[in-house]
Amino acid sequence: KAGVTQTPRYLIKTRGQQVTLSCSPISGHRSVSWYQQTPGQGLQFLFEYFSETQRNKGNFPGRFSGRQFSNSRSEMNVSTLELGDSALYLCASSLDPGRKETQYFGPGTRLLVL
Amino acid sequence: TQLLEQSPQFLSIQEGENLTVYCNSSSVFSSLQWYRQEPGEGPVLLVTVVTGGEVKKLKRLTFQFGDARKDSSLHITAAQPGDTGLYLCAGGPAAGGTSYGKLTFGQGTILTVHP
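What you see is a predicted model, and the numbers here were worked out from it, not measured in a lab.

Undergrad: Can you lay out the state of the cysteines for me, pointing to particular residues and giving the numbers?
TA: All names here are of chain B. On inspection of all chains with the given rule, the structure shows two disulfides over all chains. With its sulfur 1.6 Å from that of its partner, Cys-23 forms a disulfide with Cys-89. Here the S-S torsion is close to -85°, and the disulfide linking Cys-23 with Cys-89 is therefore left-handed. Highlighted residues: Cys-23 in strand β3 (residues 19-24) and Cys-89 in strand β9 (residues 85-92), separated in sequence by 66 residues. An identical accessibility class is assigned to Cys-23 and Cys-89; each is buried.

Undergrad: Account for the pattern of salt bridges, with residues named and values stated.
TA: All names here are of chain A. Tallying each qualifying case throughout the model produces nine salt bridges over all chains. Where Arg-55 meets Glu-48, a salt bridge forms, and the shortest distance between an N and an O atom there is 3.0 Å. For Arg-55, a relative accessible area of 24% gives the class partly exposed. Given the relative accessible area of 0%, Glu-48 is considered buried. We note a salt bridge from Arg-73 to Glu-75, for which the minimum N-O separation is 3.4 Å.

Undergrad: Please give an account of the packing of aromatic side chains that cites residues and values.
TA: Applying the stated criterion to the full structure yields nine aromatic pairs over all chains. A ring pair is formed by Phe47(A) and Tyr49(A), whose centres lie 5.7 Å apart and whose planes are at 70°; its orientation type is edge-to-face. A centroid spacing of 6.0 Å and a plane angle of 70° characterise the contact between Phe105(A) and Phe105(B), whose relative ring orientation is edge-to-face. Here Phe105(A) is found in strand β10 (residues 104-105), whereas its partner Phe105(B) is found in strand β10 (residues 104-105) on a different chain. Of the two residues, Phe105(A) and Phe105(B), both sit in the buried class.

Undergrad: Tell me about the pairing of strand β11 (residues 109-114) of chain B, residues and numbers included.
TA: Residue and element names in this part refer to chain B. Burial along β11 is one-sided: the residues Thr-109, Leu-111 and Val-113 are buried and none of Ile-110, Thr-112 and His-114 is. Looking at chain direction, strand β2 (residues 10-14) and β11 are connected through five bridges and run parallel. Opposite Gln-14, over in β11, you have His-114 as the bridge partner. Across three bridges, the pairing between β9 and β11 is antiparallel. The residue of β11 that forms the bridge with Gly-85 is Leu-111.

Undergrad: Break down the environment of Gln103(A) for me, with residues and values.
TA: Within the fold, Gln103(A) resides in the loop between β9 (87-94) and β10. Gln103(A) sits 70 residues away from Ser33(A) along the chain, and the two C-alpha atoms are 8.4 Å apart. Not counting chain neighbours up to four residues away, the residues in contact with Gln103(A) comprise Ser33(A), Tyr35(A), Ala92(A), Ser93(A), Ser94(A), Gln33(B), Tyr35(B), Gly101(B), Lys102(B) and Leu103(B). One polar contact links Gln103(A) to Tyr35(A), side chain to side chain, over a distance of 3.0 Å. A distance of 2.9 Å separates a polar atom in the side chain of Gln103(A) from the backbone oxygen of Gly101(B).

Undergrad: Tell me about a nonpolar patch on the surface, and name the residues and values.
TA: A cluster of nonpolar residues, Ile12(A), Leu112(A) and Leu114(A), forms a patch on the protein surface that exposes about 300 Å² of accessible area. As for its position among the elements, Leu114(A) is in the segment after β11 (109-113).

Undergrad: Let's hear about the sheet that holds strand β7 (residues 64-68) of chain A: which residues, and what values?
TA: Residues and elements named next belong to chain A. Pairing is antiparallel across the open sheet formed by four strands, whose spatial order is β1-β3-β8-β7. With partners counted over all chains shown, the strands left at the sheet margins are β1 (5-7) and β7, one partner each. Ignoring which end each strand starts from, the neighbouring axes of this sheet average 20° apart. In this structure, β7 lies alongside strand β8 (residues 74-78), joined through five bridges in antiparallel fashion. By the bridge assignment, Arg-67 is partnered in β8 with Glu-75.

Undergrad: So what's going on with the interface of chain B and chain A? Which residues, and what values?
TA: Across the contact, 28 residues belong to chain B and 25 residues belong to chain A. Interface of chain B and chain A: buried area, both sides summed, is about 2,000 Å²; carbon and sulfur atoms make up 51% of it. Three residues stand out in chain B for area buried against chain A, namely Tyr100(B), Gly101(B) and Phe105(B), and they jointly supply 28% of the buried area on that side. On the surface where chain B and chain A come into contact, there are one salt bridge. In this structure, Arg9(A) engages Glu41(B) in a salt bridge whose closest nitrogen and oxygen atoms are separated by 3.5 Å.

Rules used throughout
Residues numbered from 1 in each chain as written. Chains lettered and ligands numbered in written order. Predicted model: local features only at pLDDT ≥ 70, side-chain atom pairs only at ≥ 80, totals over all residues. Heavy atoms only, no water. Disulfide = S-S within 2.5 Å. Helix = DSSP H or I, 4+ residues; strand = E, 2+ residues; numbered from the N terminus. Buried < 20%, exposed > 50% of the residue type's maximum accessible area, 1.4 Å probe, protein only. Salt bridge = Lys/Arg side-chain N within 4 Å of Asp/Glu carboxyl O. Phe/Tyr/Trp six-rings, centres within 6.5 Å; stacked < 30°, edge-to-face > 60°. Pairing = 2+ DSSP bridges. Contact = heavy atoms within 4.5 Å. Polar contact = N/O pair within 3.5 Å; in protein donor to acceptor, adjacent residues only side chain to side chain. Patch = residues over 30% accessible without salt bridge, like charges linked within 9 Å, V, L, I, M, F, W, Y side chains within 5 Å. Areas by Shrake-Rupley, 256 points an atom, 1.4 Å probe, with all protein chains shown as cover. Axes fitted to C-alpha atoms, helices over the stretch in contact; angles between N-to-C directions. Buried area = accessible area lost by both parts, 1.4 Å probe.

Purely spatial values, then, with no claim about function.
Shown next, in the form of structure tokens:
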């Protein structure tokens with residue numbers, strides 16, 4: 001079974017631009033969570049989608065948004081990019097997180113904002 | 001807010017040595033997952049523990065979940081250079097509430113095993 005895939009793997013943008021990242025979960029997985037990873041803050045939760053609905057959101061500004069499609073694929077968007085948005089963006093999928101469901105991570109998208 | 005304190009942050013050891021990484025919290029977690037991450041890649045799942053007091057073994061790696069489900073440890077026996085990497089613990093939200101899909105991560109332990 002194919003793992004979680006993320007595209008693109010690398011991205012360079014300038015301040016003020018916007019960016020869209022894509023995530024395809026493991027086949028049959030209906031929940032997708034997004035995380036931001038930086039050296040200083042570690043992995044921080046952005047949001048989670050299940051059945052096209054955002055069920056949970058972390059402490060990030062409104063510039064960070066996402067959506068999920070009927071095939072469970074998910075996208076996240078960051079508008080008006082800032083230098084501090086440079087990070088590795090990870091998505092993870094699970095059957096349905098419930099409370100104990102394991103999350104499987106994709107390889108990430110490395111975003112560099114200049 | 002749930003927090004996970006992971007220690008040590010850095011470990012540099014010689015091949016063949018044993019080591020233990022700890023994750024501690026004042027919060028109860030429904031599960032505890034351990035991941036290993038290589039530079040520029042996503043975390044790869046090593047194990048999930050869900051029952052207080054549970055012990056799981058994966059070859060030379062032993063994982064334990066505390067009785068109260070607030071802490072966990074990862075023990076590696078006879079470390080090898082191939083064990084080098086970033087080790088992350090992550091707690092699943094406790095029952096109740098609406099913390100769907102949110103894992104709380106420790107800061108990570110960078111392990112270097114020298115040949």
